[in-house]
There are 2 protein chains.
Amino acid sequence: MHAEIISVGTELLLGHTVNTDAALVARELAAAGVDLLFSSVVGDNPERLRAALDQALKRSDLVVTTGGLGPTDDDLTRETVARAAGLRLTLHEESLRRLEHFFQGRPVDDLQRRQAMLPEGCTVFVNELGTAPGCAVVTAAGRTIIMLPGPPSELERMLRTGVAPYLEARSGGVIHSCMVRTFGMGEGRVAALLAGLTDQANPTAATYATENETFVRVTAKAADRVEAAALCRPVVDAIRERLGDVVYGVDVPNLEHVVVAELIARRMRLTTAESCTGGLLAKRLTDVPGASAVFRTGVITYANEAKMRLLGVPEAILAEHGAVSEATAKAMAEGARRLLEGPGEGLGVGITGVAGPGGGTPEKPVGLVYIALSDGQETWTRVMSPPSGGAGRDRAWLRLHASSHALDLVRRRLLGLPMQRVRPNPAPDYAPGTETRATSRG
Amino acid sequence: MHAEIISVGTELLLGHTVNTDAALVARELAAAGVDLLFSSVVGDNPERLRAALDQALKRSDLVVTTGGLGPTDDDLTRETVARAAGLRLTLHEESLRRLEHFFQGRPVDDLQRRQAMLPEGCTVFVNELGTAPGCAVVTAAGRTIIMLPGPPSELERMLRTGVAPYLEARSGGVIHSCMVRTFGMGEGRVAALLAGLTDQANPTAATYATENETFVRVTAKAADRVEAAALCRPVVDAIRERLGDVVYGVDVPNLEHVVVAELIARRMRLTTAESCTGGLLAKRLTDVPGASAVFRTGVITYANEAKMRLLGVPEAILAEHGAVSEATAKAMAEGARRLLEGPGEGLGVGITGVAGPGGGTPEKPVGLVYIALSDGQETWTRVMSPPSGGAGRDRAWLRLHASSHALDLVRRRLLGLPMQRVRPNPAPDYAPGTETRATSRG
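Residues numbered from 1 in each chain as written. Chains lettered and ligands numbered in written order. Predicted model: local features only at pLDDT ≥ 70, side-chain atom pairs only at ≥ 80, totals over all residues. Heavy atoms only, no water.

Brief notes about the relation of the copies chain A and chain B
Stated precisely, the cut-off is as follows: To line up the copies, we fit them by least squares on C-alpha atoms, keeping just the residues with pLDDT of at least 70 in both. Throughout, a residue-residue contact means that at least one pair of heavy atoms, one from each residue, lies within 4.5 Å.
Note on the identical chains: chain A maps onto chain B by a rotation of 180 degrees and an axial translation of 0.0 Å, with an RMSD of 0.0 Å. Here the symmetry operator amounts to a two-fold rotation axis. The fraction of interface residues of chain A whose copies in chain B are also interface residues reaches 99%, indicating that both copies meet through the same surface.

Examining the sheet that holds strand 7 (residues 134-138) of chain B
As a reminder of what qualifies: Pairing between strands requires that DSSP locate at least two bridges from one strand to the other. In DSSP terms, a helix is any run of H or I states spanning at least four residues, a strand is any run of E spanning at least two, and both are numbered starting from the N terminus. Every axis in this analysis is a line fitted to C-alpha atoms, fitted for helices over the stretch in contact. Angles between the N-to-C directions lie between 0 and 180 degrees.
Reading across from one edge, 6(A)-7(A)-8(A)-3(A)-1(A)-2(A)-2(B)-1(B)-3(B)-8(B)-7(B)-6(B) is the order of the twelve strands in this open sheet, with mixed pairing throughout. Each edge of the sheet is formed by a strand with only one pairing partner; in this case those strands are strand 6 (123-125) of chain A together with strand 6 (123-125) of chain B. Averaged over all adjacent pairs, the angle separating strand axes in this sheet is 15 degrees, with direction ignored. Looking at chain direction, strand 1 (residues 2-8) of chain A and strand 3 (residues 62-66) of chain A are connected through five bridges and run parallel.

Here we look at the packing of helix 10 (residues 255-266) of chain A against helix 15 (residues 395-415) of chain A
All names here are of chain A. Put simply, the test is: Crossing handedness is read from the near helix: turned anticlockwise from the far helix by less than a right angle, it gives a left-handed crossing, and turned clockwise, a right-handed one.
Following both chains from N to C, one finds helix 10 and helix 15 inclined at 35 degrees, their axes separated by 10 Å at the closest point. Helix 10 and helix 15 meet at a crossing whose hand is left-handed. Here helix 10 contributes Leu255, Glu256, Val258, Val259, Glu262, Leu263 and Arg266 to the contact with helix 15, which in turn contributes Ser404, Leu407, Asp408, Val410, Arg411, Leu414 and Leu415.

Regarding the interface of chain A and chain B
Applied cut-off: Accessible-area loss on putting two parts together, using a 1.4 Å probe and summing over both, is the definition of buried area adopted here. Every case where a carboxyl oxygen of Asp or Glu lies within 4 Å of a side-chain nitrogen of Lys or Arg is listed as a salt bridge.
If you look at the interface, chain A gives 89 residues, while chain B gives 88 residues. Interface area for chain A against chain B, summed over the two sides, is near 7600 Å², with a carbon-plus-sulfur share of 56%. Its largest share of buried area at the contact with chain B, chain A owes to A:Leu13, A:Leu14 and A:Ile300, together 7% of the area lost on that side. The tally of links between chain A and chain B comes to two salt bridges.

A look at the environment of A:Arg225
All names here are of chain A. Looking at where Arg225 falls in the secondary structure, it is placed in helix 9 (residues 225-243). In the structure, Arg225 is positioned 219 residues away from Ile6 in sequence and 27 Å away in space, judged by C-alpha atoms. Excluding anything up to four places from it in sequence, Arg225 contacts Ala31, Val174 and His176.

With respect to the pattern of salt bridges
Test applied: Relative accessibility decides the category of a residue: with a 1.4 Å probe and only protein chains considered, values under 20% of the type maximum give buried, values over 50% give exposed, and everything between is partly exposed.
Counting across every chain of the model gives 36 salt bridges over all chains. Across the pair A:Asp408 and A:Arg382 runs a salt bridge, and its minimum N-O distance is 2.9 Å. Note that A:Asp408 is positioned in helix 15 and A:Arg382 in strand 17 (residues 378-384), a separation of 26 residues in sequence. For A:Asp408, a relative accessible area of 3% corresponds to the buried category. Taking the shortest distance from any N to any O, the salt bridge between B:Arg114 and B:Glu79 comes out at 3.5 Å. Taken together, the residues span a long stretch of sequence, with B:Arg114 in the loop between helix 6 (110-113) and strand 5 (117-119) and B:Glu79 in helix 4 (residues 77-85) at a distance of 35 residues. Each of A:Asp245, A:Arg382, A:Asp408, A:Arg411 and A:Arg412 takes part in salt bridges that share partners, so that together they form one network.

Looking at the side chain of A:Thr139
Residues and elements named next belong to chain A. Examined against the element boundaries, Thr139 turns out to sit in the loop between strand 7 (134-138) and strand 8 (144-148). In this structure Thr139 comes out as buried when scored by relative accessible area, which is 11%. Those residues within four positions of Thr139 in sequence are excluded, and the remaining contacts are Leu57, Ala85 and Ile145.

Thoughts on helix 4 (residues 77-85) of chain A
The element helix 4 of chain A is largely enclosed, with a buried count of seven among its nine residues. Taken together, the buried positions of helix 4 of chain A are A:Thr77, A:Arg78, A:Thr80, A:Val81, A:Ala82, A:Ala84 and A:Ala85.

Honestly, that's just the spatial picture; any functional story needs more than this.
Quick look at the structure:
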């Protein structure tokens, strides 16, 4: 079954909104074994939407639209799809009742009420988080059109509760993907180490770079999920073998999930003291449901006074080395660790640096960040130098990267790995400015 | 000039990556007055990319590709575009020298070297942040193809430094958009208040919902920027008038930028004490360059001990009302305010709640969040109840929304606005569970 996505919304063509919806739908289609060959965007324009639908209905078995189902005048998807499918819109009583429930007895005006007008004979997908229901219709020519709402949280829920069961029965064959996730190695280097693995047909293995990580996606097609997974497994093992300990997980959501899971498994706790990352590390840790079991206290200390008062960083260290220094990061990590209350093992992290765009000096340029980890016995530090060739990574990237380095240090300590990655071979690394030192507790 | 975007990458069709690149390019095209009518995605497949290019070159004057320029085997855009344009690839010496510089004298292998092979006669766009340069070629038929790298930070920089100047000279007419940003009112309500304004042709005004805000985009077309801006202005004024103080800004990046700017303008400082948002509020504040002038200390206190020790929350309050309570939020805000060091006015914010998915009880369900703001004289609290009709907003949404409510309280205090929005008319609100109380300092 060949599918395509049509995302509706002028805001997408003007770049005001990023099309996360298409990615959510694409993932669901892949999981259902549906081949997605096209994905396109049209504005809030009924003629162009109609033309896109007509073209899509010629070449694809399944067309999924996102957006344009809301209560406002430029929400034209319902009407346009109904016309393209040759179906009338009729009032869906249950959806109207849900709207009334949503507005808790207040009157549902005509604009809102339009959302309950759906093509006759459609399969309705309940919107658990918002007002506009989704639906699936089958045209006279046997093509399926699925209409889904635009707000990502509503869409995501509807994909899981309505669309996935609907699709499951209809697809032949399954695509199974494994994502091998790495931190600390550039895409070029990863690709070079995987030479030979990345030119097979089934499963395929492809590298790609995200903002500050490199992933390897292994994808197999097979009759069912078990067989597809079995095809992927040896390739994933080979990738792990070749890349070594920069691989932090396979099919894990992200680095912070891995760190929180490892902390929970060891009943260990973590406390953070952040300067230039300003709470980003704490935010990433607490994005993970259940993080409060292992992360209970963190501080953000831009001010030197706060570093002294909340963390006990000695004034002499700040005076001698400055706030952005290895010694300060170390004292922050050790101070963070002392904030742990109650019994049990714990780790403290300290981050201090220059995130820019202002505040850099020749000695302490934008991008210079010190990261330290203390376990009470030993303290390790890592220095993140300004990116070499590609100077001028922005504030958001520097903060993200610094918080990832901190998570990497924690992961390595928890798993008993070398505190800096062991290079799979002596070829040069893409991040020459990053180094780790183990220092004894001072 | 009609343009279209072709984003290249199987990871986009599998939903592993969100297509932020298309939004970045779209914004640049809009700013240059180029009409973007199509945007599509193809996988790492030279035949389908070629077909998409051929179709695009028939109907559009300008085709912009993103992705597929890297060093790996599935990076096929350069070769495929060159073939579609009927041009040979030749070594671009300056790009090779930049690659050598990027790798700091280490050998540039053949894979990496491919990135310096560009279509003959192209205009090269330097990649200041990565290895793959971009370029623009003009075909024999007079169509323009611009190839840009996939990593968003590299793309964004190249758009600014290379593509914008290239496009500026070529476009006739300008599109100018203003974004009116609101927090605290649903899209349906905003649309109802703007009835009549949203069905004009030039400028157009369109509402849309983002994850937890509603925007109104006003877009005018005119011969030049000044004229287009003049067309937008009265419509923006009318929108402000109708929506009242839920409008937090026009053409501002986001709510946190507004709050930081207002703090800087008043030389006031802010300290945060977060429980369920776990650093997200601090992270949002420090996303803003220069935030360290007004935000210097924050704490994350999941643990009751930390609430007592770092913030001075009385044990009696925690025992009597619990950690998730109005009294605790208030004590946290007042405790946060006491962490401010040095002279000058300052505000303290406290947030405590249940972000889920676990941890809810019948009395204190997931989604119940108390937010408090103290200025040393007075303390205001707001309670965010679990969303009504659409039960079960997820953890990420609840945390985001709670941090936005905190920013909204700060904005209202700084601007001297009522601490809850004044309803433009007595019609019902989409967020019935949100209320603000002013309480005297206890």
